[in-house]
Amino acid sequence: QAPQQATVRQMPAIQDVAYLASLKKVTQYYIVTAFLALFIGVMIGPLQAMNYAGINLYELPFIKALLKSYYQGLSLHGVLNALVFTQFFISGWMLYLPVRDLGARINMKFAWFTYVLMTAGLLLAAVPLLLNRATLLYTFYPPMQGDALFYIGAAIMVGASLLVVGQVVRMWWSWKRAHPGRVTPLVTFMSVAVWMMWFVASLGIVIEVLVLLIPWSLGLVAGVDPLLSKTLFWWTGHAIVYFWVLPAYISWYAFLPRHAGGRIASEPLTRLVFVLFLLNSVPVGLHHQFSDPNISNVWKTIHMFLTFLIAVPSLMTAFSVGAALEDAARARGGRGLLGWTLKLPWGNAIFSAQVLAMISFILGGAGGIVNASSSFAPVVHNTAWIPGHFHITVGTATTLSFMGISLWLIPHLTGKRLPSMKLASAAVWTWFVGMMVFALGMHWTGLLGVTRRANIAATAQDIYKTAELALPKALTGISGVILLISALLYFSVLFRMLLSKREENGEDTPIPYSEAISPAGEQLATASPLVRVTEPLMVLWVIALVLVLLMYGPVLGKLVGNLQLVPGWRLY
Ligand code: HAS
Ligand code: HEM
């Protein structure tokens, strides 16, 4: 189709300058805290990559002074990258976007309180982590036991994220009441759906930490049931991956077409995708537990099929966002079956970061489907294949997207300029190349039987020194070096930007809304059936909760009826 007249949604203006400044400030605090966590977390990554290359850097005096063991480093790496970076970024991003999208007025004192609470939770959990008293890895499976402070801090952090859920859902609901019959604008719709999904998802870990782990770590109860805890953990633990990637989807759908000079393919389809995620992200966690006893194969198989189903909205996203990119490229004169891709703005790091993130996600998603298949799972479970999988999902699809977004979001929030597009591009491309090489090395090493979470460089065992392992191990080591260079490039750009002087009004870098080829419309009465069916998010939220209770109730019931309490262990 020929490009239409611009019908880009105009955000309602916020006239109150002080309010807007405070809203931007709190968002900036969330985003900067997120990237500080990522900076520390990522600096440990290359040490681990070297470990998988057979090179032990943990004996170097300055590393020894900082990290008591490989596992303290791995715990910090997992917690800071996967839990802290993501949660802070997402809380800022998905608070700011719907507020601006609706032009709403939220209680800023509450918003600041939530940020301070989340940071307090982080700091509390950080103390035992840094003191090597919570070296539990980011999954903190019992019976490994840490100081109570770690679990309390983690509970406060998750609790604070639920306050953001409350604030965003309440704001949207007030808007609905003030605008009866109106279709929720797309960015708000996507944000509210993700926050609702996160609420349902978080219940597992909330119960695990509040009911089982905190009383146990305080010595109030004699033991803990590891399998019950693990099952509650994965209730949250799989859905959390969609909490990590869907905020990137928001950008891929709503903003990426604009960076490319194109349009969203279809708003109604986008809404359907987010509803499918709301309904089906959570009742799939047993695919992490295929090898665990005392959970019936029937439930494992049901969760396996539900996992295959949850790949469907991602496949829809692939085709839909792919179509939006093709639309953009053809509008710029692109031709041919694949030749059009050359017309995309690859030199713009904001764009290329996100499209490279998407390309990595094609491979990460395919690997996920392998993991989910009960026949393949025994081959890959607990091997280096799994870190291979999640560094091209959360480590690239999410992280590289957030890096790309930061390149326009920070200027928008602060009025500061991106210091160098060239350096930013170099950071983005090297991250992509580094993670591709890492994924190749780790998947391959895993297929050859090397386990994950193994300090292989420190053992003298010959099984890690076979000739067939030489190349994949070397690839992993090389990727560690490329990724270190990439991270240094990215953070130098980010910190230079943050420390520079304010040069313009942040609104000069607008939120990059895209127009749509097939918009959802504004009035429900005239909207398509798909738009009308997807609008009642409150009802869909309740259905999502009921579905999870149905899919987890019998499994948890059996575990609770057969409790096996064991005392805690401190391994490191
Ligand atoms: Fe996963 C383990 C299955 C998605 C993260 N996963 C993990 C762990 C993490 C993680 C952190 O079933 C490790 C947990 C641990 O420590 O033990 N995963 C899946 C499946 C999907 C999936 C089926 N994972 C993710 C996402 C993550 C993530 C998203 C983070 C963000 N995963 C598993 C399983 C395990 C697992 C098992 C347990 C393994 C074990 O044994 O321990 C699916 O949701 C994936 C669907 C995705 C797709 C791809 C769609 C592609 C798109 C991009 C299109 C690109 C375009 C660009 C258009 C079907 C949307 C075109 C380019 C142009 C130039 C035009
Ligand atoms: C684990 C390297 C960035 C999240 C690992 C492992 C390696 C590694 C080799 C496996 C360790 C093991 O199983 O013993 C790197 C490198 C990075 C990087 C070289 C870039 C410089 C990231 C990012 C994220 C991330 C950006 C997420 C945002 C994780 C998580 C684990 C992990 C969650 C699992 C920790 C555990 O098993 O408890 N990383 N990583 N990493 N990484 Fe990364």
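Structure: above.
Here's what I pulled together on the structure shown here. Not measured: the values here are computed from a predicted model.

Thresholds, definitions, all that
- Residues numbered from 1 in each chain as written.
- Chains lettered and ligands numbered in written order.
- Predicted model: local features only at pLDDT ≥ 70, side-chain atom pairs only at ≥ 80, totals over all residues.
- Heavy atoms only, no water.
- Near = heavy atom within 4 Å.
- Polar contact = N/O pair within 3.5 Å; in protein donor to acceptor, adjacent residues only side chain to side chain.
- Helix = DSSP H or I, 4+ residues; strand = E, 2+ residues; numbered from the N terminus.
- Donors = N, O, S within 2.8 Å, 3.2 Å for Na, K, Ca; no water.
- Tetrahedral: all angles 85-135°; square planar, octahedral: opposite > 155°, others 65-115°.
- Buried < 20%, exposed > 50% of the residue type's maximum accessible area, 1.4 Å probe, protein only.
- Contact = heavy atoms within 4.5 Å.
- Axes fitted to C-alpha atoms, helices over the stretch in contact; angles between N-to-C directions.
- Parallel < 35°, antiparallel > 145°, perpendicular 65-115°, else oblique.
- Left-handed = near helix turned anticlockwise from the far one by under 90°.
- Nonpolar A, V, L, I, M, F, W, Y, C, P; charged D, E, K, R; others polar.

Re the site of ligand 1
Phase 1 of the analysis: The environment of ligand 1 is made up of 37 residues, and the closest members are Tyr138, Tyr242, His381, His389 and Arg452.
Phase 2 of the analysis: In the environment of ligand 1, an oxygen atom lies 2.5 Å from a nitrogen or oxygen atom belonging to the side chain of tyrosine 242.
Phase 3 of the analysis: The side chain of histidine 287 places a nitrogen or oxygen atom 3.4 Å from an oxygen atom of ligand 1.
Phase 4 of the analysis: For the shell around ligand 1, the secondary structure elements donating two or more residues are helix H7 (226-254), helix H10 (297-331), helix H11 (349-372), helix H13 (385-391) and helix H14 (394-414).

Observations concerning the coordination of the iron atom of ligand 2
Phase 1 of the analysis: Around the iron atom of ligand 2, the protein supplies His77 (NE2) and His391 (NE2) as donor atoms, at distances of 2.0 Å.
Phase 2 of the analysis: Coordination at the iron atom of ligand 2 is octahedral: its six donor atoms span angles of 88 to 180° at the metal. With a gap of 314 residues between them, histidine 77 in helix H3 (residues 70-102) and histidine 391 in helix H13 connect regions that are remote in the sequence. The two residues histidine 77 and histidine 391 agree in class, both being buried.

Some details on the environment of lysine 300
Phase 1 of the analysis: Looking at the element boundaries, lysine 300 is found in helix H10.
Phase 2 of the analysis: Beyond its immediate chain neighbours, meaning those up to four positions away, lysine 300 contacts Leu286, Gln289, Phe290, Ser291, Asp292 and Ile295.
Phase 3 of the analysis: There is a polar contact of 2.9 Å between the side chain of lysine 300 and the backbone oxygen of phenylalanine 290.

Overview of the packing of helix H15 (residues 421-447) against helix H16 (residues 470-499)
Phase 1 of the analysis: Interhelical geometry of H15 versus H16 gives an angle of 155° and a closest axis separation of 7 Å. Relative to H16, H15 is oriented roughly antiparallel. For the pair H15 and H16, the crossing hand works out as left-handed.
Phase 2 of the analysis: Among the residues forming the contact of H15 with H16, the class breakdown is 21 nonpolar, seven polar and two charged.

Some points on the site of ligand 2
Phase 1 of the analysis: If you check the shell around ligand 2, you find 25 residues, and the closest are Gln48, Tyr70, His77, His391 and Arg453.
Phase 2 of the analysis: For ligand 2, a nitrogen atom lies 2.8 Å from a polar atom in the side chain of histidine 77.
Phase 3 of the analysis: A distance of 3.4 Å is found between a nitrogen atom of ligand 2 and a side-chain nitrogen or oxygen belonging to asparagine 81.
Phase 4 of the analysis: Looking at the shell around ligand 2, the elements with two or more residues in it are helix H1 (17-51), H3, H13 and H15.
Phase 5 of the analysis: The element that contributes the greatest number of residues to the shell around ligand 2 is H3, accounting for six residues.

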